[in-house]
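A structural walkthrough
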Protein chains: 2
Amino acid sequence: MVTWSFVDDYFVEDEKAVIHVRDLSVQRGYGAFDFLRFEGDQAIFIDDHLERLFRSTRQLNLELNKKKEEIKAICLELIRRNHIREGGIRITVTGGISPDGYHPVHSGLIVTQHSFQLPSKEVFHKGIALMSFEHQRQLPEVKSIDYLMGIQLLPKIKEQDADDVLFHFNGSVTECPRANIFIVNKEGKLLTPAEGILAGITRSKILQLAAEDLKVEETAVSLDEIKNASEVFITSTTKKLLPVASIDGCTIGNGTFPICTLLLSRYEALVK
Amino acid sequence: MVTWSFVDDYFVEDEKAVIHVRDLSVQRGYGAFDFLRFEGDQAIFIDDHLERLFRSTRQLNLELNKKKEEIKAICLELIRRNHIREGGIRITVTGGISPDGYHPVHSGLIVTQHSFQLPSKEVFHKGIALMSFEHQRQLPEVKSIDYLMGIQLLPKIKEQDADDVLFHFNGSVTECPRANIFIVNKEGKLLTPAEGILAGITRSKILQLAAEDLKVEETAVSLDEIKNASEVFITSTTKKLLPVASIDGCTIGNGTFPICTLLLSRYEALVK
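**Topic: the overall build of chain A**
When helices and strands are counted, chain A shows 9 helices and 17 strands. Relative to the globule expectation of 19 Å for 272 residues, the C-alpha radius of gyration of chain A, 19 Å, shows essentially globular dimensions. With the principal axes as the frame, chain A shows a C-alpha extent of 55 × 40 × 30 Å. Buried residues in chain A amount to 57% of all 272 residues.

Shown next as C-alpha cells:
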C-alpha cells in the first residue's frame, strides 16, 4: 500500500517525498516543526500543535503561505489517505532555498506520517533511566529542528546505560531533548521547570489535569531536588507520561509511580 | 549550461539534487559540512578542509563510506564538470534516513558548487559593522550545519544597521556565525579567541603568516578589549580577511587597517 506525504503544494508518494539539497534545513539546520498523534480520524490536540507551530515559525521569521485551517486540512487528508489506525503526523517548515544560502526567503512545507510505539506497560512499570548533562538548548521555546546535542550524546547515553538525557543549566534542570519533566516532591506537590524549556502540549494538559486536586507549581528545580523527589516523570506526545526510575544511577523514590499513573489515566480520558 | 552536483553516489544535474524529507538533516538539523574555495582547477587548502570535515563527522558519530581521497576526487571532478572559473565547493554529510527518526544509521553525502562574491575593495576599505550578542554555539569545534541563532538574528542585525553578529559568552568574545575574529591591540599584538570557536582554516593560515614578524596569541578577549583595539578583522574562506570598522556602533581604532591589509596580501600570496 502506498504511503502518502505532502511536500510544498502536493501530496506525493512517500518514496518521492524529497527536497532540494540547497534547502536551508539541509544547509543550515534552519526550520521549525510540530508533531501530533492521531487515533482513527482524530488528530489529537491538533489546534494546540498548529498554534505552537505558527508561534515557532514566527520566532524563526519563516513565512508560511498557508493558514492554520489549510494545514489542518492537509493533515486530516493525509490521515484519510494513509488508512493507518494510529501514528504521528509531523509538520515541518523548512528555511527553503535561499539565493545566498543563508537568508531565508520562501519557506518549504512538509507533512509526513510516522509510526512509533507508545511505551509498553512493562516500560511504564519499570520506568526509565536518565543521565544528566549540562546544556541549555538555544531558543528553547521554539520547536526548531535543532537536535544536535541530543543526538550527538546518544553514544554517551548508551555508555551510561541510560535511556535519555536530562539537560540542566546554571543549577536548574530544564528538559529532555524530546520531553518535558515533572517531579512530585516529598510534600506531594507537582513541580515542573518554568524556563529554558519547550512549552509541551502534553505538559500543559498535565498541568491542567493535576490542578484538580494537587498543588502544582511551575518553578526552578535543582538536580538535587529532582534526585530527592518521590516521583519523577517525563511527558511528550509520543510517550504520554513515562516514569523516571533513576537519574545518574540514583534511584528516585520507592519505585512506585502512583501520581504519574493517576495523571496518565486522566490524560487518556481527556484524549478520548 | 548544466550545473552538476553530487548526491550519495552519483553526479546529478543540480536541479535534480534532492534528498528524502526523512533525512536527519531535515528532521533534526543533524549533519556536518565543510566549504572550500576554488580558482581554476585549484581547490584551495582542500586537504585542510577534508581533515576538518572528517574530524566533524567523527565528533557527530557520522560514518562516511568514502575516504578523504575519494571525496577529494569528487570535488575535483565537480569543478572540472562545471567549467566555472571560481567559486565554492560545499561538502555536506547529513545524518541520513533513520528508522526511528532520531538515531543516525547511514550518513548521506552531498557535494555542491556555490557562487559567492569575495568582498569588494570598497567593502574592505570601509570595513564592516558588527553587533554583539551573548551566545555560545553548541559543539563550536564541530562544523555542524547548525546556524539557528545566526539566521534567527538576521532581522535584529539589520535593525541595528550591522552586517553581522559577534557572539560573546561569560565575558569573552568568540566568533561570528561564519567567521573567526582577530584583534590587533594597542601594543601591536595580534590576538584571537582560543576557546568556544570553530578552528577556521583561514584563521590557522593567518596565525602562521602573522607569526613571521608579529607577536601572536590565542587567548581570551573581552568585549571591552575588542572595542579598544587598534584593528579588528574577521577571517573566513569566503571573506579571506575583512576589517571591522565598528562594534555596537563603537568605532574601532582610527579607521585604517594596515595589519589586516598586510596579512591579506600575505594570505593571497600563500594561496597563489
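**Looking at the nonpolar core**
Residues and elements named next belong to chain A. Ranked by size, the top nonpolar core spans 41 residues in total, and within it Leu60, Ile71, Ile89, Ile91, Leu109 and Val111 carry the most contacts. Per-element tally for this core: the top contributor is helix H3 (residues 68-82), with 5 residues. Apart from the residues within four sequence positions on either side, Ile91 is in contact with Ala32, Phe33, Asp34, Leu36, Leu50, Leu53, Ile71, Cys75, Leu109, Ile110 and Val111.

**Considerations on the environment of B:Ser230**
If you trace the backbone, B:Ser230 turns up in the loop between helix H8 (223-227) and strand E15 (231-236). In this structure, the C-alpha to C-alpha distance between B:Ser230 and B:Glu51, residues 179 residues apart in sequence, is 34 Å.

**Some points on the relation of the copies chain A and chain B**
One copy of the chain maps onto the other through a rotation about an axis followed by a shift along the same axis. Aligned on chain B, chain A shows an RMSD of 0.0 Å; the corresponding rotation is 180° and the shift along the axis is 0.0 Å. Taken together, the rotation and translation relating the two chain copies correspond to the operation of a two-fold axis. In terms of C-alpha distance to the rotation axis, chain A has A:Gly29 as its closest residue, with the C-alpha 2.1 Å off the axis. A symmetric contact is evident, with 100% of the interface residues of chain A recurring at the interface of chain B.

**Focus: H3(A)**
At 3.6 residues per turn, the α-helix brings residues three or four places apart onto the same side. Residue and element names in this part refer to chain A. The end-to-end C-alpha distance of H3, which contains 15 residues, comes to 21 Å, matching closely the 21 Å that a straight helix rising 1.5 Å per residue would cover. Taken together, the buried positions of H3 are Ile71, Lys72, Ile74, Cys75, Leu78, Ile79 and Asn82. What you see down the axis of H3 is that its buried residues fit within an arc of 160°, all on one side. Pointing more than 90 degrees away from the buried face of H3 are the exposed residues Glu69 and Arg80. Taken from the residues just after H3, His83 is the one with a positive phi, measuring 45°.

**Thoughts on the packing of aromatic side chains**
Taken as a whole and judged by the stated rule, the model has 12 aromatic pairs over all chains. Measuring from ring centre to ring centre gives 6.2 Å for A:Phe45 and A:Tyr267, while their planes differ by 55°; the resulting arrangement is tilted. One end of the pair, A:Phe45, is in the loop between strand E5 (42-43) and helix H2 (46-59); the other, A:Tyr267, is in helix H9 (residues 258-271), with 222 residues separating them in the sequence. Assessed through its relative accessible area of 18%, A:Phe45 is described here as buried. Ring geometry for A:Tyr147 against B:Tyr102: centres 6.2 Å apart, planes inclined by 85°, an arrangement best described as edge-to-face. Within this pair, whereas A:Tyr147 is found in the loop between strand E8 (128-134) and helix H5 (148-152), its partner B:Tyr102 is found in the loop between strand E6 (86-94) and strand E7 (108-114), the two belonging to separate chains. A single burial state applies to A:Tyr147 and to B:Tyr102, both of which are buried.

**A look at the sheet that holds strand E4 (residues 31-39) of chain B**
Residues and elements named next belong to chain B. In space, the 6 strands of this open sheet follow the order E2-E1-E7-E6-E4-E5, with antiparallel pairing throughout. A strand with exactly one partner marks an edge of an open sheet, and here the two such strands are strand E2 (10-13) and strand E5 (42-43). Looking at chain direction, strand E1 (residues 4-7) and E7 are connected through 2 bridges and run antiparallel. Counterpart to Val7 in the pairing with E7 is Ile110.

**What to know about the interface of chain A and chain B**
Contacts between chain A and chain B engage 47 residues on the former and 47 residues on the latter. Between chain A and chain B the total buried area reaches about 4,400 Å² when both faces are included, carbon and sulfur atoms providing 59% of it. Here chain A and chain B share 2 salt bridges between them. For the salt bridge of A:Asp14 with B:Arg22, the shortest nitrogen-to-oxygen distance reads 3.0 Å. At the boundary of chain A with chain B, the tally comes to 23 residue pairs in polar contact (both at pLDDT 80 or more). Bridge count between strand E3 (residues 18-20) of chain A and strand E3 (residues 18-20) of chain B: 3 bridges; the pairing is antiparallel. Bridged to A:Val18 within E3(B) is B:His20.

Conventions used here
Residues numbered from 1 in each chain as written. Chains lettered and ligands numbered in written order. Predicted model: local features only at pLDDT ≥ 70, side-chain atom pairs only at ≥ 80, totals over all residues. Heavy atoms only, no water. Helix = DSSP H or I, 4+ residues; strand = E, 2+ residues; numbered from the N terminus. Rg over C-alpha atoms; globule rule 2.2 N^0.38 Å. Buried < 20%, exposed > 50% of the residue type's maximum accessible area, 1.4 Å probe, protein only. Core = buried A, V, L, I, M, F, W, Y, C linked by side-chain atoms within 4.5 Å. Contact = heavy atoms within 4.5 Å. Least-squares fit on C-alpha atoms with pLDDT ≥ 70 in both. Expected span 1.5 Å × (residues − 1). Arc of directions from axis to C-beta. Phe/Tyr/Trp six-rings, centres within 6.5 Å; stacked < 30°, edge-to-face > 60°. Pairing = 2+ DSSP bridges. Buried area = accessible area lost by both parts, 1.4 Å probe. Salt bridge = Lys/Arg side-chain N within 4 Å of Asp/Glu carboxyl O. Polar contact = N/O pair within 3.5 Å; in protein donor to acceptor, adjacent residues only side chain to side chain.

Everything listed is a geometric property; what it means functionally is a separate question.
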